[in-house]
Amino acid sequence: MSMAARTPTQSPAPHLADSHDMIRVHGARVNNLKDVSIEIPKRRLTVFTGVSGSGKSSLVFNTIAAESQRLINETYSAFLQGFMPTLARPEVDVLDGLTTVITVDQQRMGVDPRSTVGTATDANAMLRILFSRLGKPHIGPPSAYSFNTASVRASGGITVERGADRTKTVKATFNRTGGMCTRCEGRGAVSDIDLTQLYDDSKSLAEGAFTIPGWKSDSQWTVQVYAQSGFVDPDKPIREYSKKELRDFLYGEPVKVKVNGVNLTYEGLIPKIQKSFLSKDKEALQPHIRAFVERAVTFTTCPECDGTRLSEGARSSKIKRISIADACAMEIRDLAKWIRGLDEPSVAPLLTALQQTLDSFVEIGLGYLSLDRPSGTLSGGEAQRVKMIRHLGSSLTDVTYIFDEPTIGLHPHDIQRMNDLLLRLRDKGNTVLVVEHKPETIAIADHVVDLGPGAGTGGGTVCFEGTVEGLRTGGTITGRHFDDRATLKESVRKPTGMLEIRGASTHNLQDVDVDIPLGVLTVVTGVAGSGKSSLVHGSIPAGEGVVSVDQGAIRGSRRSNPATYTGLLEPIRKAFAKANGVKPALFSANSEGACPACNGAGVIYTDLGMMAGVATTCEDCEGKRFDASVLEYHFGGRDISEVLAMSVTEAEEFFGAGEARTPAAHAILRRLADVGLGYLSLGQPLTTLSGGERQRLKLATHMAEKGGVYVLDEPTAGLHLADVEQLLGLLDRLVDSGKSVIVVEHHQAVMAHADWIIDLGPGAGHDGGKIVFEGAPADLVAARSTLTGEHLAAYVGG
């Protein structure tokens, strides 16, 4: 071979297609972003960090993800777009180099009572097909094993049109076999209404027998319908009703009746109560009505299907002595083992697909769940990981995956596993964008974007962009706190009493006996799925004196804001009304004071059919939401719209002294500042708050309740490293004021700060549910006897 042949050829010039290796954002102004311009490398792992409320979600979700979704929707025909949600273009000058975005967020999965882990993933669908092929005795198609499908039988004549004048009636029958339990309709639980909570049967209707909130016997239309319907004698005590009278009174079908010359609808008391109270979201009810519902309605496991939701037929069909109900009740890791033991060539592809799905559950650290677990009972972190499952085995590459704090709800032991999954998605050639606060996950980033410097109006700018090493020395708030380590307390508080829990067996708890000390800061910890929430929420009596702040979503429309949610608007409206001698309703944008043009929304929503709807600021009130005449009334030199535009910190000062002094409003504002929400404006819509902000808003609201025991579920969720210190200060103040604080938490800084630790484990699911340590944090670090002990020792440098 000649020398010339061995000379390396010059490498070709880079292909033009390879030049698009950045996602370019220029001039982003969504929410609090201040003209943010940034370049994000593709096929890399980029972590976005910054204090809570600094604009991370606005940049990642409301700008990049929102525009990607809008552009994808635009590729469909105008006809199809008419059926899709309409999306407005985010406020940004240039967005370039976008790829398809898959968002894996923290939104709780549907809380429909019929939604389970199995139905929310594809696992149940595959199991149903498996049983319809191999189950003995064979009872029908896959629908026969579905608790969401009712059995239907119908027969009758149907008209068939054959031509211009030829129509023919033919007899047809229709049959569908479903697996739904007929007694509980696939819910697994039946509700019974306690009649003694609805009325006093020793009284007659005329004497005011009803004990339902708001049902007054003399003037209330609802009560008059019963008294004057003719179905029952209004002057006879209810206990003396005949069988027919009682049946009509309790279960009567809706019929029209005339009461005082007015046509009204009469229906039995039970369906009436179900429609007016039970069909509404319990969280949205007023406190006294919610208390009535909790007293009057009892939920018990369905006696017919024993909580499996399935009909007798579906439960009778088995593969190797296991029914589909048994399979769904198994822990997923055990079910995966059982599926692996089925060797049936006729359904080999199905078994392989089912095996992969179940193995993904185990790999992602959710092997302790069962498929029949209601999806509404999953924590935010568990819900996010369940959503990840369908993406792990995907063959798609060059996709942008966006994660919202994937480490929430994860023990330090599990974070490493989550990091591996994020890196695996990146290594398949995907762009991975993660909004995160935990230093363990920030540390694996290829690229870091730190937003800030503050929150709300004090944030919205890029403070740092570069490598993790650069962040450490960059001098930003995140950089300064990156290597922060809380130290163990030199002395711990002494308990003032004990809360005894005996024989706790909720979910996977194995007959646990434990004494929770009162008057101190107690942290309950353990790997995900070890039984922490079951112990705290299932065993601590939620009676008087127990204030529980969980991670449930805050319910509220785009009209709700911190002022309406916390009850702050009430004393403010009264103060304005008193100072001006008018009605308080004038100072509500949802009532008489609303701007007539926009109905108090501040913006006018225009639906453009198939194109994205537009929200334009109302020209009449200029977005202030109030009628012009209302803004002429002042209090302390400000009108109501100026007060709602204030931040919590400004308002606290305004209502704290001088002529605007309002103690009731000031007390609520002080609590909001205490939980670190001083930067929020009073009129900011709740829909724009981040997850961490919402939980702290709940905490601030609950702090007003007269409770002696506070139960907090992962209060550090969504908190920046710098804010954790402030939270610890707040917990200390609560304890020092004589409260008992019980915190379910994974954050090592909170563990180190505790007076007493209760560690559950040793594993998850049926490998957990036991107390593996209880004592002072220093003893846990010294013993290193549990997973938590090892990680806490490494954290404090012990």
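The structure this text deals with has already been given above.
Within every chain, residues take consecutive numbers counted from 1 along the sequence as written. This being a predicted model, a pLDDT of at least 70 is required before a residue's local features are given, and a value of 80 or more before pairs of side-chain atoms are given or counted; all residues contribute to the totals for chains, interfaces and linings. Side-chain metrics rest on all non-hydrogen atoms present in the structure, leaving aside hydrogens and water.

A.B. asks: Run through the packing of aromatic side chains, naming residues and quoting values.
C.D. replies: Aromatic contacts are taken between Phe, Tyr and Trp rings whose centres are within 6.5 Å, Trp giving its six-membered ring; a plane angle under 30 degrees counts as stacked, one over 60 as edge-to-face, and the others as tilted. With the rule as written, the count across this model stands at 16 aromatic pairs. Ring centres of Phe131 and Trp338 lie 6.5 Å apart, and the angle between their planes is 25 degrees; on these two criteria the pair is classed as stacked. Placement of Phe131 in helix α5 (residues 123-134) and of Trp338 in helix α12 (residues 332-340) is noted, with a sequence separation of 207 residues between them. Think of it in three bands: with a 1.4 Å probe and only protein chains considered, a residue is buried below 20% of the maximum accessible area for its type, exposed above 50%, and partly exposed in between. Judged by relative accessible area, Trp338 falls into the buried class, the value being 14%. Taken together, the ring pairs in this structure connect Tyr199, Phe210, Tyr226, Phe231, Tyr241, Phe249 and Tyr266 into an aromatic cluster. Whether a charge lies above a ring is judged from NZ of Lys or CZ of Arg, which has to be within 6 Å of the ring centre and within 35 degrees of the ring normal. A cation over a ring is seen here: Arg309 above Phe147, with NZ or CZ 5.1 Å from the ring centre. Only DSSP runs of H or I reaching four residues or more are called helices, and only runs of E reaching two or more are called strands; each is numbered from the N terminus.

A.B. asks: How would you sum up the environment of Ser360? Please name residues and give values.
C.D. replies: Note that Ser360 resides in helix α13 (residues 348-363). As for Ser360 and Val386, which are separated by 26 residues in sequence, their C-alpha atoms are 9.3 Å apart. Contact definition: two residues touch when any of their heavy atoms are within 4.5 Å. Discounting chain neighbours no more than four positions away, the residues touching Ser360 are Ile389 and Leu392.

A.B. asks: An account of the pattern of salt bridges is needed here, citing residue identities and associated values.
C.D. replies: Salt bridge criterion: a side-chain nitrogen from Lys or Arg within 4 Å of a carboxyl oxygen from Asp or Glu. In this structure the tally under the stated criterion is 32 salt bridges. The closest approach of N and O atoms between Glu570 and Lys574, which form a salt bridge, is 4.0 Å. Taken as a pair, Glu570 and Lys574 lie in helix α21 (residues 569-580) at a separation of four residues, close to a single helical turn. For Glu570, a relative accessible area of 36% puts it in the partly exposed group. A network of salt bridges, in which partner residues are shared, links Lys489, Arg493, Asp732, Asp736 and Asp755.

A.B. asks: Explain the side chain of Glu267 residue by residue, including any values.
C.D. replies: Among the secondary structure elements, Glu267 is positioned in the loop between β10 (262-266) and α8 (269-278). Taking relative accessible area as the criterion, Glu267 reaches 11% and is therefore assigned buried. Once you skip the residues sitting within four places of it in the chain, Glu267 turns out to touch Tyr226, Gly252, Glu253, Pro254, Lys272 and Lys275.

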